[in-house]
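Residues per chain are reported as follows:
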Amino acid sequence: MSASQLEEFLIKNKLIKTPTTAKEKTQTANQCIFCLISEGKIPSYKIDEDTENLAVLEINPISKGHTLIIPKKHLSFTEIPSSTFTLAKKIAKKIKDKLKPEKVEISVS
């Protein structure tokens, strides 16, 4: 899904407002979708959080409990802090205990 398709999807499903001014359009276009979620500018269903990360349910889940762990600070894939994996393991345990799936995977993408 391209950035414009994602924005269209979010607007259509009333997850974000349509940017009306040129300034709003520029700010939204230049900001990472995950940063917008962690800043509360895009609504999400929060599962858990710590000082550095936020765990939210995926809006298009591929399975029950599909969760995203989002660092609260914009980072590259090479900079993912260990606290992100710690929170992911905590959420994985909750999913195993509550939903009893065959398996739980933690992946970086």
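Residues numbered from 1 in each chain as written. Predicted model: local features only at pLDDT ≥ 70, side-chain atom pairs only at ≥ 80, totals over all residues. Heavy atoms only, no water.

Draft legend 1. Spotlight on the environment of Glu52. Looking at the secondary structure, you find Glu52 in the loop between β1 (46–49) and β2 (53–57). By relative accessible area, which is 39% here, Glu52 ends up partly exposed. Spatially, the C-alpha atoms of Glu52 and Ile70 are 8.7 Å apart, while their sequence positions differ by 18 residues. If we ignore the near neighbours within four places in the chain, the residues touching Glu52 are Ile70, Pro71, Lys72, Pro81 and Ser83. (Helix = DSSP H or I, 4+ residues; strand = E, 2+ residues; numbered from the N terminus. Buried < 20%, exposed > 50% of the residue type's maximum accessible area, 1.4 Å probe, protein only. Contact = heavy atoms within 4.5 Å.)

Draft legend 2. Region of the structure containing a nonpolar patch on the surface. Together, Tyr45, Ile47 and Leu57 make up a nonpolar patch on the protein surface, roughly 270 Å² of accessible area in all. Judged by relative accessible area, Tyr45 falls into the exposed class, the value being 57%. (Patch = residues over 30% accessible without salt bridge, like charges linked within 9 Å, V, L, I, M, F, W, Y side chains within 5 Å. Areas by Shrake-Rupley, 256 points an atom, 1.4 Å probe, with all protein chains shown as cover. Salt bridge = Lys/Arg side-chain N within 4 Å of Asp/Glu carboxyl O.)

Draft legend 3. Structural context of the side chain of Ser83. On the secondary structure map, Ser83 appears in helix α4 (residues 82–99). Not counting residues within four places of it along the chain, the set of residues in contact with Ser83 comprises Asp50, Glu52 and Asn53.

Draft legend 4. Structural detail: the sheet that holds strand β3 (residues 67–71). With respect to topology, three strands assemble into an open sheet ordered β1-β2-β3, the strand pairing being antiparallel. With partners counted over all chains shown, the strands left at the sheet margins are β1 and β3, one partner each. Strand-to-strand, the axes of this sheet are offset by a mean angle of 20°, without reference to chain direction. In this sheet, β3 lies alongside β2 in antiparallel orientation, the contact comprising five bridges. (Pairing = 2+ DSSP bridges. Axes fitted to C-alpha atoms, helices over the stretch in contact; angles between N-to-C directions.)

Draft legend 5. Structural view of the pattern of salt bridges. A complete count under the given rule lists seven salt bridges for this structure. With a shortest N-O distance of 3.2 Å, Lys94 and Asp48 are connected by a salt bridge. With Lys94 in helix α4 and Asp48 in strand β1, the pair connects residues that are 46 residues apart, well separated along the chain. Look at Lys94 and you get partly exposed, because its relative accessible area is 36%. Residues Lys103 and Glu105 are paired through a salt bridge, measuring 2.9 Å at the closest nitrogen-oxygen approach. Through salt bridges that share partners, Lys46, Glu49 and Lys72 make up one connected network.

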